[in-house]
There are 2 protein chains.
Amino acid sequence: MTGNLNFLFYPKSVAVIGASHVQGKIGNAIMRSITRSFNGKVYAVNVKGGEIEVNGKKFPVYKSIKDIPDDVDVAVIAVPARFVPDVIDECGEKGVKGAVIISAGFKEAGRADLEEELVKRARKWGIRIVGPNCLGVTNLENGFDCTFNPPERQARPPFGPIAFMSQSGAFGAAILDWAARHEVGMSKFISLGNMADLDESDFMLYLKDDPKTKVITAYLEGVKDGRKFFNAAKETTKVKPVIILKSGRTEAGAKAAASHTGSLAGSYAIYKAAFEQAGVLEARSMRQLFNYAKALAMQKPAEGDQIAIVTNGGGAGVMMSDGLLERGMRLAELSEATNEKFKKAIEEGKLPEHMSYRNPIDIIGDAPSSRYEIAMRFALEDPNVDLLVVIALFQSPALDEGIVDVMERMQEYGKPIIFVAPGGRYPEEMARRIEKKGVPVFETVEDGVDAAFALVKYGKYLKELKEGV
Amino acid sequence: MTGNLNFLFYPKSVAVIGASHVQGKIGNAIMRSITRSFNGKVYAVNVKGGEIEVNGKKFPVYKSIKDIPDDVDVAVIAVPARFVPDVIDECGEKGVKGAVIISAGFKEAGRADLEEELVKRARKWGIRIVGPNCLGVTNLENGFDCTFNPPERQARPPFGPIAFMSQSGAFGAAILDWAARHEVGMSKFISLGNMADLDESDFMLYLKDDPKTKVITAYLEGVKDGRKFFNAAKETTKVKPVIILKSGRTEAGAKAAASHTGSLAGSYAIYKAAFEQAGVLEARSMRQLFNYAKALAMQKPAEGDQIAIVTNGGGAGVMMSDGLLERGMRLAELSEATNEKFKKAIEEGKLPEHMSYRNPIDIIGDAPSSRYEIAMRFALEDPNVDLLVVIALFQSPALDEGIVDVMERMQEYGKPIIFVAPGGRYPEEMARRIEKKGVPVFETVEDGVDAAFALVKYGKYLKELKEGV
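Here the residue numbers are simple positions, counted from 1 along each chain's written sequence. Think of it this way: whatever chain is written first is A, whatever ligand is written first is 1, and the rest follow in order. The model is predicted, so local features are restricted to residues of pLDDT at least 70 and side-chain atom pairs to those at 80 or more, both for listing and for counting; the totals for chains, interfaces and linings are taken over all residues. Calculated side-chain values reflect all of the structure's heavy atoms, with hydrogen atoms and water omitted.

Caption draft 1: Representation of the packing of aromatic side chains. Residue and element names in this part refer to chain A. Aromatic pairing here means that ring centres of Phe, Tyr or Trp (its six-membered ring) are within 6.5 Å. Orientation follows from the plane angle: under 30 degrees is stacked, over 60 is edge-to-face, and everything else is tilted. All chains considered together, the criterion is met by 30 aromatic pairs over all chains. Ring centres of Phe 9 and Tyr 206 lie 5.1 Å apart, and the angle between their planes is 5°; on these two criteria the pair is classed as stacked. On the criterion of sequence distance, the pair formed by Phe 9 in helix H1 (residues 6–9) and Tyr 206 in helix H6 (residues 200–208) is long-range, its members being 197 residues apart. Relative accessibility decides the category of a residue: with a 1.4 Å probe and only protein chains considered, values under 20% of the type maximum give buried, values over 50% give exposed, and everything between is partly exposed. Residue Phe 9 is classed as buried on the basis of its relative accessible area, which comes to 0%. On the basis of relative accessibility, which here comes to 4%, the residue Tyr 206 falls in the buried class. Members of the aromatic cluster, connected to one another through ring pairs, are Phe 164, Trp 178, Phe 189 and Phe 290. Put simply, a charge is over a ring when the Lys NZ or the Arg CZ is close to the ring centre, within 6 Å, and near the line of the ring normal, within 35 degrees. Directly above the aromatic system of Tyr 271 lies the positively charged group of Lys 246, at a separation of 4.5 Å from the ring centroid. Strands are runs of DSSP state E lasting at least 2 residues, helices are runs of H or I lasting at least 4, and numbering of each runs from the N terminus.

Caption draft 2: Seen up close, the pattern of salt bridges. Residues and elements named next belong to chain A. Salt bridge, as used here: a side-chain nitrogen of Lys or Arg that lies within 4 Å of a carboxyl oxygen of Asp or Glu. Applying the stated criterion to the full structure yields 80 salt bridges over all chains. With its nearest N and O atoms 3.0 Å apart, the salt bridge here joins Lys 228 to Asp 199. Here Lys 228, found in helix H7 (residues 226–237), pairs with Asp 199, found in the loop between strand E11 (186–191) and H6; they are 29 residues apart in sequence, far enough to count as distant. When the shortest N-O distance is used, the salt bridge between Glu 381 and Lys 341 registers 2.7 Å. Taken as a pair, Glu 381 in helix H13 (residues 369–381) and Lys 341 in helix H12 (residues 336–347) lie far apart in primary sequence, 40 residues in all. Judged by its relative accessible area of 37%, Glu 381 falls in the partly exposed class. Beyond isolated ion pairs, a larger network of salt bridges with shared partners links Asp 86, Asp 89, Glu 117, Lys 120, Arg 121 and Lys 124.

Caption draft 3: Spotlight on the interface of chain A and chain B. Residue contacts are defined here by distance: any two heavy atoms, one from each residue, within 4.5 Å place the two residues in contact. Taken residue by residue, the interface counts 64 residues in chain A and 64 residues in chain B. The term buried area denotes the loss of accessible surface (1.4 Å probe radius) that occurs when two parts are joined, taken as the sum for both partners. Taking both sides of the interface into account, the surface hidden between chain A and chain B amounts to around 5000 Å²; carbon and sulfur atoms contribute 57%. In terms of surface lost to chain B, no three residues of chain A exceed Arg 153, Arg 181 and Arg 287 of chain A, which account for 16% of the buried area on that side. At the surface where chain A touches chain B, the tally comes to ten salt bridges. Across the salt bridge formed by Arg 287 of chain B and Asp 447 of chain A, the nearest N and O atoms sit 3.0 Å from each other. Whenever two N or O atoms come within 3.5 Å, that pair is a polar contact, provided that in protein one can donate a hydrogen and the other can accept it, and provided that, for residues adjacent in sequence, both atoms are side-chain atoms. Taken together, the connections running from chain A to chain B amount to 38 residue pairs in polar contact (both at pLDDT 80 or more).

Caption draft 4: Representation of the environment of Ser 369 of chain A within the structure. All names here are of chain A. Note on placement: Ser 369 falls in helix H13. The spatial distance from the C-alpha of Ser 369 to the C-alpha of Tyr 461 is 35 Å, given a sequence separation of 92 residues. Once residues within four sequence positions are removed from consideration, Ser 369 is found in contact with Leu 399, Asp 400, Gly 402, Ile 403 and Val 406.

Caption draft 5: Examining the UniProt feature "domain: CoA-binding" (unreviewed entry) in chain A more closely. UniProt positions are given in the numbering used here, feature names are shortened, and annotations may be inferred rather than shown by experiment. On the UniProt side, "domain: CoA-binding" (unreviewed entry) is annotated at positions that read residues 8–106 of chain A here. Along residues 8–106 of chain A one finds 25% helix and 28% strand; the C-alpha atoms at either end are 22 Å apart.

Caption draft 6: Region of the structure containing the sheet that holds strand E6 (residues 98–101) of chain B. Residues and elements named next belong to chain B. Pairing is mixed in the open sheet, where seven strands are placed in the order E3-E4-E2-E1-E5-E6-E7. Sheet topology places strand E3 (51–54) and strand E7 (128–130) at the edges, where each strand pairs with a single neighbour. Geometrically, the sheet is characterised by an average inter-axis angle of 30° between neighbouring strands, direction not taken into account. With four bridges connecting them, E3 and strand E4 (residues 57–62) associate as antiparallel partners. When the sheet's bridge partners are listed, Glu 51 is paired in E4 with Pro 60. Here helix H3 (residues 84–94) sits on the sheet in contact with strand E1 (13–17), strand E5 (74–77), E6 and E7, set at roughly 165° to E5. Being paired, for any two strands, means DSSP has found at least two bridges between them. Under this scheme, a helix contributes an axis fitted over its contacting stretch, all axes are lines through C-alpha atoms, and angles between N-to-C directions fall in the 0 to 180 degree range.

Take a look at the structure:
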């Protein structure tokens with residue numbers, strides 16, 4: 001049983017074992033990260049003792065965790081591998097509940113024996129382990145961040161609904177930096193490391209019950225225990241979406257994975273089938289992972305695969321049609337009643353004569369936000385429409401900023417909406433404003449296709465689950 | 001015969017027919033665009049006469065182009081469709097060589113007759129036509145820009161080696177804005193419009209001989225004349241790469257295209273085969289189009305499909321391996337001599353013990369630029385390596401800025417190099433610096449895969465052409 005891992009993400013007090021005053025050392029970098037915005041207490045531990053200054057604040061250095069005159073919930077360990085088992089014993093005596101072991105030099109370096117020893121000691125004391133050989137964990141909610149890359153090299157994303165676990169620490173760091181740059185909000189980040197104790201399934205089950213996480217994402221080269229993973233995933237996807245970027249899909253990739261994390265990447269066909277059966281969405285790239293995650297974090301799954309497109313650019317509508325069909329979705333056939341509404345609105349001069357109201361609904365280049373509103377309402381009111389994709393080419397000066405409030409209003413229909421705004425700085429600025437109203441915005445047509453796919457695919461899975469298919 | 005279209009892109013003097021002093025009118029917006037940085041003379045024409053002020057400068061308004069006391073090379077026409085044929089006659093009398101017809105209301109609006117009349121008149125005078133129903137053309141070299149979106153909505157990219165033609169004006173505008181945002185340099189942009197006279201093949205042949213264009217890209221829904229296109233493409237790809245994003249690939253997309261540009265999108269299988277035979281690279285998305293274009297504009301095509309990867313992150317190396325193999329490329333098997341070099345450097349302490357020198361070459365997370373240099377040299381010196389992919393996770397503070405100069409030096413081997421730097425602001429900043437040294441940098445692994453694919457695929461085409469396969 002995994003149980004609740006809140007003690008790992010919401011510690012009241014943390015000890016950094018191997019804390020250093022030497023700039024550039026990992027034990028120094030962790031002290032910097034962890035004292036930046038964490039709302040709990042931080043203690044420095046190093047056999048050398050003394051005092052260290054971090055982020056302008058002085059910390060006494062305890063020679064052993066046992067000397068700390070306070071309870072300690074979590075130990076972050078960054079001492080040479082050979083000392084780690086004894087450090088775990090000291091943590092045990094102190095009553096520590098969880099240890100994040102940053103230190104490398106275990107199984108990945110041919111020292112499986114040292115890793116086994118470590119686990120044995122931790123089990124004895126009931127300590128749960130993250131890692132070893134990992135980048136640490138980050139809780140974006142309370143600022144508990146024991147990763148060690150400096151902020152000028154790796155920015156931290158804002159707090160938000162997406163959790164991410166990574167079997168690659170370096171790639172995890174790149175993802176955090178990327179998410180920060182694109183203002184993608186994250187709840188918790190976990191660098192899995194060697195998974196000597198806690199593995200991807202344990203964290204998945206914890207995140208399933210984490211109220212701050214709406215979508216669970218992961219980069220994996222291989223799972224630790226296939227059956228455990230499958231069961232955990234099946235349980236989790238009933239509650240919230242799980243998106244996995246699995247690498248080591250090809251022979252060369254699998255070989256590289258074996259030398260990287262020692263993962264037996266295994267037959268990709270088996271992974272694929274397991275993901276499909278367990279309702280896990282498989283992403284093929286980093287961008288796709290986040291397109292899926294953003295869509296599912298901000299919109300509810302679609303009840304079917306019939307999509308309506310409203311666009312002020314014909315070409316983008318054609319590309320979107322291709323993209324949706326090539327990914328197995330359908331363009332909604334608008335009902336006769338909807339066609340009549342469009343005809344009438346055109347006759348009354350509320351919509352322009354030269355527009356096309358066959359799906360894709362092309363409201364043409366000079367469309368203001370009011371025209372978007374009319375067309376979107378007609379589409380959303382149509383029972384044949386399960387999901388609406390809105391494309392806005394903001395390069396046209398006719399498109400006013402009223403679109404932000406219009407998009408807020410469109411959500412009253414309770415149908416999922418995806419917004420696509422290709423281009424440069426102005427669309428980017430509008431995107432962030434529209435997202436504040438709850439509608440996810442994507443930079444390109446292909447990103448929008450991903451987003452629609454995720455909502456349709458996960459919606460279909462949930463529906464089949466309910467119907468017991 | 002198309003001949004040289006330089007007169008259209010390098011006019012000494014231009015008349016804007018339909019120039020307006022009313023803000024928000026297209027004839028006003030064109031005057032603004034065209035007077036912003038164009039190095040030639042601009043004349044305003046409007047039957048109303050008078051004077052207009054644009055960008056702080058006063059222009060007399062001629063009632064007819066014939067009243068302009070100077071030669072006029074190009075007329076940009078933005079008057080109601082029904083007046084256009086007569087305006088063409090006036091242009092003819094004036095000796096105008098080319099007309100860019102922005103006006104809509106021709107074939108796309110059911111007035112094929114008006115379009116035919118227009119062409120008949122233009123032929124009589126020997127005037128070449130861009131459009132009608134187009135966004136205009138932009139020459140980023142001399143500032144001749146008759147597109148009408150305001151700069152705060154649609155930025156203009158810097159001058160550079162990529163030409164772009166678009167059958168969709170609105171999407172073309174989004175592409176310009178996107179390219180500006182991502183600092184992708186463009187030579188010439190052409191909004192094709194209805195292609196009543198000049199079509200995609202004519203412009204392709206012109207751009208083939210344009211010394212300022214290294215790569216030709218296009219968004220097309222359908223070509224105007226299949227045979228003409230095929231021959232033009234075959235001629236052009238011998239000289240420089242042609243990359244086409246063809247939409248209307250699916251049934252729904254083709255229907256949408258028919259209603260958008262009236263293009264008979266035709267069987268996609270036929271397009272696909274024609275592209276393949278003519279050496280045209282087909283892009284499936286906007287981002288892929290630019291990944292291909294950037295790679296081919298900055299690096300020479302690869303002589304084979306054997307790729308070496310040098311990375312400071314194992315996970316990214318695994319993902320890159322998968323991506324390359326899934327797109328039909330191979331990981332280079334490094335020669336015995338190269339393995340020996342690595343072994344020796346490790347023994348001598350120049351490279352770390354725990355690195356992997358099997359391809360992907362993983363120089364691990366604490367790699368400084370000097371370690372990149374050693375590993376990259378070994379890879380580039382290997383006769384089994386046709387192309388080098390370098391992955392740098394700049395989140396690691398160990399990676400110093402010396403990498404910029406290292407990348408400059410690596411080009412001495414004459415082999416194509418692709419650089420991938422995932423993450424946020426810092427990698428983005430480093431990317432621009434490395435690109436100034438001539439190596440293209442991509443944001444994600446999947447973008448880097450695209451880039452490698454373009455260099456390998458076009459290289460293979462050129463090789464087969466040479467060998468007469």
